[in-house]
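Coordinates in review
The residues making up each chain are set out below.
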Amino acid sequence: MKGACSSALLTDLYQLTMLQAYWQHRMDGVAVFELFVRKLPPERAFLVAAGLEQALDFIEQACFDEAELDWVANCGTFAPGFSDWLRELRFSGDVWAMPEGTVFFPHEPLLRVVAPIAEAQWLETRILNLIHFQTVIASKASRAVLAAVGHALIDFGLRRAHGAEAGALAARAAYLAGFAGTATAYAGPRFGIPVFGTMAHSFVQAHDNEAYSFTDFAESFPDNAMLLIDTYDTVAGARCVAGIAPRLAERGIRIKGVRLDSGDLDALSREVRGVLDAAGLHDAVIFASGNLDEQRVHALVDAGAPITSFGVGTSLTTSSDAPYLDAVYKLQEYAGQARRKRSSGKATWPGRKQVFRRLDASGLCASDTVALAHETVPGEPLLVEVMRGGRRVAPSPPLDEARTHCAAQLATLPPALRRLEPPWPVYPVTISAAIRALADHVDQRQANVALAH
């Protein structure tokens with residue numbers, strides 16, 4: 001059986017029970033599903049789409065292997081012959097999506113799937129799993145990027161991420177949103193993300209004194225002598241660095257910088273900067289970490305603390321203030337007829353849709369309109385075709401291209417939405433008159449059917 005992350009069984013059981021019912025009742029009409037977010041968390045003014053690349057990989061490759069089919073056949077839940085039907089199941093449909101890095105808002109579909117209903121239904125759980133998680137992290141990371149105002153940010157979150165896949169994909173999503181890199185080594189070869197790292201406190205503790213530890217590390221990494229100086233006393237650690245710097249310089253080794261990981265980072269960075277400058281180490285940078293989030297980064301930058309870059313970990317990879325979104329994947333059309341859900345608080349707008357964004361004269365986002373896909377509406381259409389007939393229409397853009405797109409998107413946000421703290425204005429998202437009319441038509445049709453029975 002395949003590993004968990006690639007298994008066709010990494011899904012909710014109800015996907016399989018519905019597939020059996022579709023198969024038994026010969027329901028094979030074309031369905032349209034859309035993935036969207038119902039509402040923003042109170043801590044967010046906007047969201048950033050991410051995870052499409054991994055979702056498309058899954059869609060293209062999804063199939064059941066023999067071990068998985070054997071489980072389906074013998075678990076006691078499914079009908080004879082169902083596993084044989086699953087053996088041939090592949091995705092053959094079309095997908096439209098917002099490019100990764102696109103800023104979006106509630107009720108706007110960021111993914112549309114058009115395929116025979118069993119194929120489209122089968123994808124729901126894993127697609128949501130992949131896109132939801134990276135969107136959560138990219139949206140969190142983008143806030144830190146805005147807060148840092150040009151200072152470099154490094155993802156430090158693997159060790160407290162909710163699992164291996166989460167840690168790796170968080171590094172990817174953060175880089176997409178504008179982080180400079182990650183401490184997660186795996187993300188280097190896997191995603192082409194710059195990888196950064198220095199030393200831990202244990203390296204310092206394993207030596208008899210800080211001077212020995214700093215010297216040993218600088219000798220091992222003469223081109224990357226970033227020294228962690230807060231194991232015992234931060235300012236004393238800075239003085240130790242200043243003391244060994246001349247001897248290292250005689251051997252051609254330059255102190256690249258120091259890292260602070262605890263305490264009052266504003267006050268300590270100023271003291272440390274003074275020590276380094278007095279020793280002539282004007283080019284040595286100060287890197288700060290230690291349970292940072294966007295608010296703390298913003299406060300340090302706003303205070304003018306002499307910190308060059310920041311490591312952000314736990315708060316990023318867990319999106320601690322807003323760890324989930326009300327993201328859903330809902331049926332909007334089946335067998336040529338628009339469909340919609342009318343549950344209280346969870347009603348959907350029917351039909352296959354497009355999102356059009358209008359910019360103001362200064363190039364900032366002014367409003368969005370959610371319209372039917374065939375409508376002509378002022379603004380730029382945000383969803384583009386990414387799969388046709390079960391295959392990508394073109395190779396996915398490199399991650400750096402998505403990162404550039406995200407930076408351009410963030411630059412179009414009005415200043416009021418770029419603030420870290422509420423209250424934020426509600427960004428105007430209009431549902432077109434044609435969609436509202438279609439919803440009325442669907443409701444009337446359903447009412448007529450109910451009366452007939």
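The coordinates are above.
Residues numbered from 1 in each chain as written. Predicted model: local features only at pLDDT ≥ 70, side-chain atom pairs only at ≥ 80, totals over all residues. Heavy atoms only, no water.

**Details of the overall build of the protein chain**
How we decide: Strands are runs of DSSP state E lasting at least 2 residues, helices are runs of H or I lasting at least 4, and numbering of each runs from the N terminus. Buried means the residue's accessible area, taken with a 1.4 Å probe over protein chains only, is under 20% of the maximum for its type, while exposed means over 50%, and partly exposed covers the values in between. The method behind every accessible area is Shrake-Rupley, applied with a 1.4 Å probe, and residues are considered shielded solely by the protein chains displayed. Lys and Arg are tallied as positive, Asp and Glu as negative. Neither His nor the chain termini are counted. In plain terms, the charge of a residue is placed at NZ if it is Lys, CZ if Arg, CG if Asp and CD if Glu.
Along the backbone of the protein chain there are 17 helices and 19 strands. In terms of principal-axis extent, the alpha carbons of the protein chain reach across some 90 × 55 × 35 Å. Looking at the protein chain as a whole, 51% of its 453 residues are labelled buried. Summed over all atoms, the accessible surface of the protein chain reaches about 20,000 Å², with 54% contributed by carbon and sulfur. Taking the 42 positively charged and 50 negatively charged side chains of the protein chain as two groups, their mean positions are separated by 5 Å.

**Notes on the side chain of Arg-340**
Note the cut-off: A 3.5 Å cut-off defines polar contacts: any pair of N or O atoms within that distance qualifies, except that in protein one atom must be a possible hydrogen donor and the other a possible acceptor, and neighbouring residues in sequence count only when both atoms are side-chain atoms. Two residues qualify as a contact provided that any one of their heavy atoms is within 4.5 Å of a heavy atom in the partner residue.
Mapping Arg-340 onto the fold places it in the loop between β13 (337-338) and β14 (353-359). Among the polar contacts made by the side chain of Arg-340, one reaches the main-chain carbonyl oxygen of Thr-348 at a distance of 3.0 Å. At a separation of 2.8 Å, a polar atom in the side chain of Arg-340 contacts the side chain of Asp-443. With sequence-adjacent residues up to four places away left out, Arg-340 is seen in contact with Ala-347, Thr-348, Pro-350, Ala-439, Val-442, Asp-443 and Gln-446.

**Topic: the pairing of strand β9 (residues 255-260)**
As a reminder, the rule being used: Pairs of strands are assigned from DSSP output, requiring at least two bridges between the strands. By convention, orient the strands away from the viewer: a clockwise path from the first strand over the helix to the second makes the crossover right-handed.
When you tally the buried positions in β9, you get five out of six residues, the bulk of the element. For strand β8 (residues 225-228) and β9, the ladder comprises four bridges, and the chain directions are parallel. Paired with Met-226 across the two strands is Gly-257, which belongs to β9. In this region the chain leaves β8, passes through helix α11 (residues 234-250) and returns to the parallel neighbour β9; the handedness of that crossover is right-handed. Pairing analysis gives four bridges linking β9 to strand β10 (residues 285-288), with the strands arranged parallel. Counted as the bridge partner of Arg-259 is Phe-287 from β10. Viewed along the sheet, the connection from β9 through helix α12 (residues 265-278) into β10 turns out right-handed.

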